[in-house]
Amino acid sequence: MIEMHDVWKTYPDGSPALKGINVKVDRTEFLYVVGPSGAGKSTFMKLIYREERPTKGSIFVNGFNLEKLKQRKIPFVRRNIGVIFQDYRLLPKLTVYENVAFAMEVIEAPKKFIMKRVQEVLDLVKLSDKGGSLPTQLSGGEQQRVAIARAIVNNPAVIIADEPTGNLDPDTSWEIMKLLEEINFRGATIIMATHNKEIVNTMRKRVLAIEQGEIARDEVRGEYGYEG
Ligand code: ADP
Ligand code: ADP
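You'll find the chain entered in an unreviewed UniProt entry as Cell division ATP-binding protein FtsE, with Paenibacillus xerothermodurans given as the organism. On record in UniProt, under Subcellular location (unreviewed entry), the comment for the chain is "Cell membrane". In the Subunit (unreviewed entry) part of its UniProt record, the chain is described as follows: "Homodimer. Forms a membrane-associated complex with FtsX."

Written out as structure tokens, the structure reads:
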């Protein structure tokens, strides 16, 4: 599903943020990315959803080599990746329904299909009664569930979650984790960067630790490995 071969990333004027990353993530996997602040976790994730380009090396997502992608194939690869952030990043002037529908409109999905599918994913995240609300009228956990609905609405093969529970209390964080686990169970690969020790140590999934731009650990049923 995702492969990196000797991937380096140096930002302009910076020292290398990633130094020779080699990794392979299978379709069914749920992968935690852990490590100290500034270690390169976000950069690792941004390379996968093509927010950043590597300085060197090759990255494959869903069989496509991101560095050799023809321009016209880029939207196709992008829509196969859903992204979730710590700060939700919902469009503040659009309702819950509109935020989710927007993700389908940009890929020009048929209008009839949009209504049906948005309802379906709002049901999945248990927000079907909040479609008409604005993001500011929702709790943090509800906003993150909208962001998850938006991320999965086009049925992507991969979900990238960068500290999705970072702003949430423990109970709400667990609700979000249950949802992500369900989405993984339904067939999406999940890659999640986190500082949440309790979640990583309880869920016991694959753990990739990045330290100073390098893979320090890659464990099948791993632990967080740092002080909480
Ligand atoms: P993490 O997500 O683990 O905190 P990042 O990937 O955000 O780490 O950052 C890795 C390194 O790259 C850090 O030294 C950071 O300062 C640097 N960095 C990240 N983004 C940029 C950028 N846009 N421009 C310059 N340097 C950056
Ligand atoms: P289908 O993919 O044909 O809709 P599934 O049984 O795979 O059927 O999925 C049932 C429901 O689960 C879907 O209608 C959708 O709401 C949700 N779903 C499907 N695939 C994903 C996915 N990759 N991520 C999140 N939710 C999904």
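Continuing now.
Caption draft 1: Local environment of the UniProt feature "domain: ABC transporter" (unreviewed entry) in the chain. According to UniProt, the feature "domain: ABC transporter" (unreviewed entry) maps to residues 2–227 in the numbering used here. Helix makes up 32% of residues 2–227 and strand 26%, with an end-to-end C-alpha separation of 29 Å.

Caption draft 2: Inspection of the packing of aromatic side chains at higher detail. Tallying each qualifying case throughout the model produces four aromatic pairs. Taking 6.3 Å as the distance between ring centres and 80° as the angle between the ring planes, the aromatic pair formed by Tyr49 and Phe85 counts as edge-to-face. With Tyr49 in the loop between helix 1 (41–48) and strand 4 (56–61) and Phe85 in strand 6 (residues 81–85), the pair connects residues that are 36 residues apart, well separated along the chain. As far as the burial class goes, Tyr49 and Phe85 line up, both buried. Arranged with centres 5.6 Å apart and planes meeting at 80°, the rings of Tyr224 and Tyr226 form a pair that is edge-to-face. You can call Tyr224 buried: its relative accessible area is 4%.

What counts, and where the lines are drawn
- Residues numbered from 1 in each chain as written.
- Chains lettered and ligands numbered in written order.
- Predicted model: local features only at pLDDT ≥ 70, side-chain atom pairs only at ≥ 80, totals over all residues.
- Heavy atoms only, no water.
- UniProt positions renumbered as here; feature names shortened; annotations may be inferred.
- Helix = DSSP H or I, 4+ residues; strand = E, 2+ residues; numbered from the N terminus.
- Phe/Tyr/Trp six-rings, centres within 6.5 Å; stacked < 30°, edge-to-face > 60°.
- Buried < 20%, exposed > 50% of the residue type's maximum accessible area, 1.4 Å probe, protein only.

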